[in-house]
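Close look at the chain arrangement
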Amino acid sequence: MPAASSAVPAPGPARPGRRPGRLLGPLLAVPAALALVAACGGSAGGPAAAPSVTASASAAASASTAAGSPPIVAVTAAGALEVLNSATGTAEAQLVPSGVIGDEVSVSASDTVYFAVRRGCTGEIESVPLAGGTPVPITPGQLPALSPDGTKLAFASEPTLSDSTCLPASGDPVPLFKLAVRTLATGAQVTYPMVPAGSDSGLPAPISHLSWAPDGQHLAVSVSSVEDNEGWNLALVNTPAARYYLQGAGVSFVLPTGQPTPQQSYLREGVYLPDGNLFVSRACCGGVPEHNTSRLMWEVNPAGTLVHQVAIGFANLDHDSLDASPDGKWLLYLGGGGLYVSRGGAAPRQLTSGLIAAAFV
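About the thresholds
- Residues numbered from 1 in each chain as written.
- Predicted model: local features only at pLDDT ≥ 70, side-chain atom pairs only at ≥ 80, totals over all residues.
- Heavy atoms only, no water.
- 1 Å grid on protein atoms, 1.4 Å probe; cavity = no way out; pocket = protein on both sides within 12 Å on 5 of 7 lines; lining within 4 Å.
- Points joined across faces, edges and corners; volume = space filled by probe spheres on them.
- Helix = DSSP H or I, 4+ residues; strand = E, 2+ residues; numbered from the N terminus.
- Nonpolar A, V, L, I, M, F, W, Y, C, P; charged D, E, K, R; others polar.
- pLDDT = per-residue confidence, 0-100.
- Contact = heavy atoms within 4.5 Å.
- Pairing = 2+ DSSP bridges.
- Axes fitted to C-alpha atoms, helices over the stretch in contact; angles between N-to-C directions.
- Disulfide = S-S within 2.5 Å.
- Buried < 20%, exposed > 50% of the residue type's maximum accessible area, 1.4 Å probe, protein only.
- Phe/Tyr/Trp six-rings, centres within 6.5 Å; stacked < 30°, edge-to-face > 60°.
- Lys NZ or Arg CZ within 6 Å of the ring centre and 35° of its normal.
- Core = buried A, V, L, I, M, F, W, Y, C linked by side-chain atoms within 4.5 Å.

**Regarding the layout of surface pockets**
- Quantified by volume, the second largest pocket comes out at close to 660 Å³.
- Lining the second largest pocket are 32 residues, and of these Leu146, Pro148, Asp323, Ala324 and Pro326 sit closest to its centre.
- Of all the secondary-structure elements, those providing two or more residues to the lining of the second largest pocket are strand S4 (100–107), strand S8 (142–146), strand S12 (207–212), strand S16 (266–272), strand S20 (319–324) and strand S24 (355–360).
- When grouped by side-chain class, the residues that make up the lining of the second largest pocket number 21 nonpolar, eight polar and three charged.

Put into structure tokens, the structure is as follows:
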């Protein structure tokens, strides 16, 4: 179990119903040069050299499979979409040369990769075959998450906070932030606003990651910071029952439990595992000025109770772009842009660095 933090507790993350006072600007990127300390006292090596593209996507997939690990698709800090050998971290194929954004990509069972590119204020989701080809536009949006059966695509429809021109100069920005679920065969979409108009505080709670449950109905919706490192949240949305992604019927929340200081801790991001539990990035603490005293990579149940600790991370590194292989035997995440892979929940190892998104094929 992790040691409790010795830091003085600071104001904790916003919970449903709490109304922070002001909107933050964009979060600062964390240097990718820092390493991550693995669970059980192990440590990861330093950042690997930038990979070079040397082979086809099919060859990369074959090499990774032969090594016993599924291949990985990843987005570099320069915006290239690549296929990595998950045994070595080497980039062996490039699917899109530039313009791709993080922190999420998704791959279908038929080897189609869904990703988002910079396009206007909301971005555009596109797809490309894993074997390579011309990208096909799908819909405006970002953070694409494909349902387990491959029939539905969940995504965020929201403006880019880092571009001030994408937010209204006056008036309420909250209605611009929505969760959407698109049926790929027909193009029909269902949208879920953040909250009802009557509950609108004027402060948006942007979606930062999406993940489908094994049942293909529930979505884990990671919500990013609203104010002073407060507001991080992990909502479980029952898509047939819910009307909003952050409030009302069909929405529940995964709250931090255990140590350190669950009252001040928050879940930075979470994704479903094939058994219905969740893989989460748990941080402590928030407040003014923004700071953290611990980062823990945990497997938890939907109530937030610890099932297994995968890793202990450096407090000053952001941990995001979480993913699990379809069989649940492999986990990955980014720590300050470094790619870490864990087999069977064991201490992870760093494969490479300089990434903004990653996912298993």
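**Some remarks on the confidence of the model for the protein chain**
- Across the protein chain, pLDDT averages 82, with 79% of residues at or above 70.
- In the model, residues 1–56 has pLDDT below 50 throughout and makes 147 contacts with residues more than four positions away in sequence or in other chains.
- Overall, residues 62–66 carries pLDDT values under 50, and its contacts beyond four positions in sequence, including any with other chains, amount to nine contacts.

**A short note on the sheet that holds strand S17 (residues 278–284)**
- Taken together, four strands build an open sheet; the order of strands is S16-S17-S18-S19 and the sheet is antiparallel. Either end of the sheet is taken by a strand with one partner, and the two such strands are S16 and strand S19 (306–313). Direction aside, the axes of adjacent strands within the sheet are offset by 20° on average.
- Note: S16 against S17, six bridges, orientation antiparallel. Residue pairing for S17: Leu267 is matched across the bridge by Arg282.

**Topic: the state of the cysteines**
- Taken as a whole, this structure holds two disulfides when the rule is applied.
- Linked covalently through their sulfurs, Cys121 and Cys166 form a disulfide whose S-S length is 2.1 Å. Every disulfide takes its handedness from the sign of the S-S torsion; for Cys121 and Cys166 that torsion is -85°, giving left-handed. With a gap of 45 residues between them, Cys121 in the loop between strand S5 (112–117) and strand S6 (124–129) and Cys166 in the loop between strand S9 (152–157) and strand S10 (178–183) connect regions that are remote in the sequence.
- Of the residues examined, Cys166 reaches a relative accessible area of 9% and is grouped as buried.
- Sequence-ordered numbering of the bonded cysteines in the protein chain gives a pairing of 1-2, 3-4.

**Observations regarding the packing of aromatic side chains**
- Under the counting rule described, the total for this entry stands at three aromatic pairs.
- Between Trp232 and Tyr266, the aromatic rings sit 5.7 Å apart at their centres with planes inclined by 10°, giving stacked as the arrangement. Highlighted residues: Trp232 in the loop between strand S13 (218–223) and strand S14 (233–238) and Tyr266 in strand S16, separated in sequence by 34 residues.
- We classify Trp232 as buried; its relative accessible area is 3%.
- The class of Tyr266 is buried, set by a relative accessible area of 1%.
- Ring centres of Tyr333 and Tyr340 lie 5.6 Å apart, and the angle between their planes is 15°; on these two criteria the pair is classed as stacked. Comparing Tyr333 with Tyr340 shows no difference in burial state: the two are buried.
- Ring pairing ties together the aromatic residues Phe279, Tyr333 and Tyr340, which thus form one cluster.
- For the cation-ring pair, Arg282 lies above Trp298, with the distance from its terminal atom to the ring centre recorded as 4.9 Å.

**A look at the pairing of strand S21 (residues 330–335)**
- Most of S21 sits out of view: six of its six residues are buried.
- Residues Trp330, Leu332 and Leu334 point to one face of S21 and Leu331, Tyr333 and Gly335 to the other, with burial holding for every one of them.
- Pairing analysis gives four bridges linking S20 to S21, with the strands arranged antiparallel. For Asp320, the partnering residue across the bridge sits in S21 and is Leu334.

**With respect to unusual backbone geometry**
- Here Gly102 and Asp103 are connected by a cis peptide whose omega angle stands at -5°.
- The amide bond that connects Gln259 to the next residue, Pro260, takes the cis arrangement and shows omega of 5°.
- If you trace the backbone, Pro260 turns up in the loop between strand S15 (251–253) and S16.
- Within the chain, Thr261 stands out as a residue other than glycine whose phi angle is a positive 30°.
- Mapping Thr261 onto the fold places it in the loop between S15 and S16.
- Even without a glycine there, the phi angle at Ser321 is positive, about 50°.
- Here Ser321 lies in strand S20.
- When its relative accessible area of 0% is taken as the criterion, Ser321 is described as buried.

**Observations regarding the nonpolar core**
- Judged by nonpolar contacts, the single largest core of 26 residues is most densely connected at Leu179, Ile207, Val221 and Tyr245.
- Of all elements in the fold, only S8, S9, S10, S12, S13 and S14 reach the threshold of two or more residues within this core.
- Once you skip the residues sitting within four places of it in the chain, Val221 turns out to touch Leu179, Ile207, His209, Leu210, Asn233, Leu234, Ala235, Val237 and Tyr245.
- By size, the runner-up hydrophobic cluster in this structure holds 17 residues, among which are Val96, Val105, Val128 and Leu130.

**Concerning the sheet that holds strand S2 (residues 81–84)**
- The strand order S3-S2-S1-S24 describes an open sheet built from four strands, whose pairing is antiparallel. The open sheet is flanked by strand S3 (91–96) and S24, the only strands paired with a single partner. Neighbour to neighbour, the strand axes of the sheet diverge by 25° on average, direction disregarded.
- In this structure, strand S1 (residues 72–76) lies alongside S2, joined through four bridges in antiparallel fashion.

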